[in-house]
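Take a look at the letters that make up each chain.
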Amino acid sequence: MSRILTAEHIRKSFGNHTVLKDINLNVEKGDVVSILGPSGTGKTTFLRCLNYLEQPDSGKLTIDDVSVDFSKISKDEVKRLRRKSTMVFQQFNLYPHLTVLENVTLAPIKVRGMGKKEATDLAMELLGRVGIARQAAKRPSEISGGQQQRVAIARSLAMQPRAMLFDEPTSALDPEMINEVLSCMKDLAKDGMTMVCVTHEMGFAREVSDRVIFMDHGVILEEGTPEQFFTNPQHERTKAFLREIL
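Colleague: Can you help me understand the sheet that holds strand β8 (residues 195–198) in this one?
Modeller: The pairing of strands in a sheet happens through backbone hydrogen bonds and is either parallel or antiparallel. If you walk across this open sheet you meet the six strands as β6-β7-β8-β3-β9-β10, and the pairing is mixed. Of all strands in the sheet, those with a lone pairing partner are β6 (85–88) and β10 (219–224), marking the two edges. Averaged over all neighbouring strand pairs, the angle between strand axes comes to 20 degrees, with direction disregarded. Packing against the sheet, helix α1 (residues 43–50) makes contact with β3 (32–36), β6, β7 (163–167), β8 and β9 (211–216), and its axis sits at approximately 150 degrees to β7.

Spelled out as structure tokens, the structure:
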């Protein structure tokens, strides 16, 4: 397997509060990595650092063939980095005045310079892949939350990323809509998409992940295969977390 993502010594503070304390992570091509941990422990901040939605104080990041040093990153490097990964958020962040199809074609046309027909063909293929091609002409307010999140996933796929970052993508959904989004993510995993997922969905982490990472107070306390993590956790804090969650 080939390495897709390498994060080295990522640190991030907000004022006097240190959120990330020397985080290191390696992700191989096709891996699904689930990041678990209590709320407020830095999981989302770390994920946002990987897409430079938060600017780390220090550290290095390589995604595919783009390497950056956060202590001296340029605007051009930010653009190159963001073309390598896309992020799916808790809230869907769709443009309400655009149709489903227009939401998916916007970035390929504006950012990648793709022609309208090519972008439309790609978008329709991806909307079909996530099971909502029939909703292409509707606006976000006319479809369900689960469908909106699948549009967000199609929009991310349209940028043809080397890795996809998911920030608790089911947390804003009603219970009956969660499974349709998780099913879509499982299909992506089967297709070999490299994914880093902050999630509270223990079933997904256990069933789909290649590796599970446990974060607490800005550090990675434990990582391993789902089997190792869920059946034989090593750290007392991990054991306490699992007792509470499961």
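Colleague: What exactly am I supposed to notice about the nonpolar core here?
Modeller: Side chains that are nonpolar tend, in soluble globular proteins, to be buried together. By size, the foremost hydrophobic cluster in this structure holds 38 residues, and its most contacted members are Ile153, Met164, Phe166, Met185, Leu188, Met195 and Phe204. Secondary-structure elements contributing two or more residues to this core are α3 (100–110), α4 (116–129), α5 (145–158), β7, α6 (175–190), β8 and α7 (202–208). Among the elements that make up this core, the one with the highest residue count is α6 (eight residues). Leu61, Val68, Val78 and Phe89 belong to the second-largest nonpolar core, a separate cluster that totals 32 residues.

Colleague: Help me out: how do you make sense of the pairing of strand β1 (residues 3–14) in this one?
Modeller: The side chains of a regular strand alternate, residue by residue, between the two faces of the sheet. Summarising the sheet, β1 and strand β2 (residues 17–28) pair through eight bridges and their orientation is antiparallel. Bridging across to β2, Arg3 finds its partner in Glu28. Hairpin connection between β1 and β2: a loop of two residues separates the two successive antiparallel strands, and Gly15 in this loop has a positive phi of roughly 65 degrees.

Colleague: Sorry if this is basic, but what is going on with the pattern of salt bridges here?
Modeller: Close approach of charged atoms allows side chains of opposite charge to pair. Counting across every chain of the model gives 13 salt bridges. In this structure, Glu28 engages Arg3 in a salt bridge whose closest nitrogen and oxygen atoms are separated by 2.6 Å. Here the residue Glu28 occupies a position in strand β2, and Arg3 occupies one in strand β1, the gap between them amounting to 25 residues. With a relative accessible area of 41%, Arg3 lands in the partly exposed category. Across the pair Lys84 and Asp64 runs a salt bridge, and its minimum N-O distance is 3.0 Å.

Colleague: I keep staring at the packing of α5 against α6 and nothing clicks. Help me out?
Modeller: Two measures define how a pair of helices packs: the angle their axes make with one another and the distance between the axes. Contact geometry of α5 with α6 gives a least axis separation of 8 Å together with a crossing angle of 20 degrees. Viewed along their axes, α5 and α6 adopt a mutual orientation that is roughly parallel. When the axes of α5 and α6 are compared, the crossing they make is right-handed. From α5, Gly145, Gly146, Gln147, Gln149, Arg150, Ile153 and Leu157 reach across to α6, where they touch Met177, Glu180, Val181, Cys184, Met185 and Leu188. For the contact of α5 with α6, the per-class residue count stands at seven nonpolar, four polar and two charged.

Colleague: How do you make sense of the packing of aromatic side chains when you look at a structure like this?
Modeller: Aromatic ring pairs are defined here through the distance separating the ring centres and the angle between the ring planes. In the structure shown here, the tally under the stated rule is four aromatic pairs. A ring pair is formed by Phe214 and Phe241, whose centres lie 5.0 Å apart and whose planes are at 50 degrees; its orientation type is tilted. You can see Phe214 sitting in strand β9 and its partner Phe241 sitting in helix α9 (residues 236–245), a full 27 residues away along the chain. What makes Phe214 buried here is its relative accessible area of 0%. Assessed through its relative accessible area of 6%, Phe241 is described here as buried. Judged by centre distance (5.1 Å) and plane angle (85 degrees), the ring pair of Phe229 and Phe230 falls under edge-to-face. The class of Phe230 is buried, set by a relative accessible area of 9%. The structure contains a cluster of three or more aromatic residues connected by ring pairs, namely Phe214, Phe229, Phe230 and Phe241. Between Lys12 and the ring centre of Phe14, over which it is positioned, the NZ or CZ distance is 4.8 Å.

Cut-offs and rules
Note on numbering: residues in each chain are counted from 1, in written sequence order. Selection of residues for local features in this predicted model requires a pLDDT of at least 70, selection of side-chain atom pairs for listing and counting requires 80 or more, and totals for whole chains, interfaces and linings are taken over all residues. Side-chain measures were taken over the full set of non-hydrogen atoms in the model, leaving aside hydrogen atoms and water. For two strands to count as paired, DSSP must find a minimum of two bridges between them. Here a strand is any run of E in DSSP of at least two residues, a helix any run of H or I of at least four, and the numbering for each starts at the N terminus. Throughout, an axis means a line fitted to C-alpha atoms (over the contacting stretch in the case of helices), and angles, computed between N-to-C directions, take values from 0 to 180 degrees. Residue contacts follow a heavy-atom distance rule, with two residues in contact if any of their heavy atoms lie within 4.5 Å. Here, the term nonpolar core denotes a set of buried Ala, Val, Leu, Ile, Met, Phe, Trp, Tyr and Cys residues that are joined through side-chain atoms within 4.5 Å. Exposure classes here rest on a 1.4 Å probe applied to the protein chains alone. A residue is buried below 20% of its type maximum, exposed above 50%, and partly exposed in between. Any carboxyl oxygen of Asp or Glu that lies within 4 Å of a side-chain nitrogen of Lys or Arg is treated as forming a salt bridge with it. If an angle is under 35 degrees, it is roughly parallel; if it is over 145, roughly antiparallel; if it lies from 65 to 115, roughly perpendicular; otherwise it is oblique. Left-handed describes a crossing whose near helix is turned anticlockwise from the far helix by less than a right angle; the clockwise case is right-handed. For this classification, the nonpolar set comprises Ala, Val, Leu, Ile, Met, Phe, Trp, Tyr, Cys and Pro, the charged set comprises Asp, Glu, Lys and Arg, and every other residue, Gly included, is treated as polar. A pair of aromatic rings is counted whenever rings of Phe, Tyr or Trp (Trp by its six-membered ring) have centres within 6.5 Å, and the orientation is called stacked for planes under 30 degrees apart, edge-to-face for over 60 and tilted otherwise. Charge-over-ring contacts are defined here by two conditions on Lys NZ or Arg CZ: a distance within 6 Å of the ring centre and an angle within 35 degrees of the ring normal.

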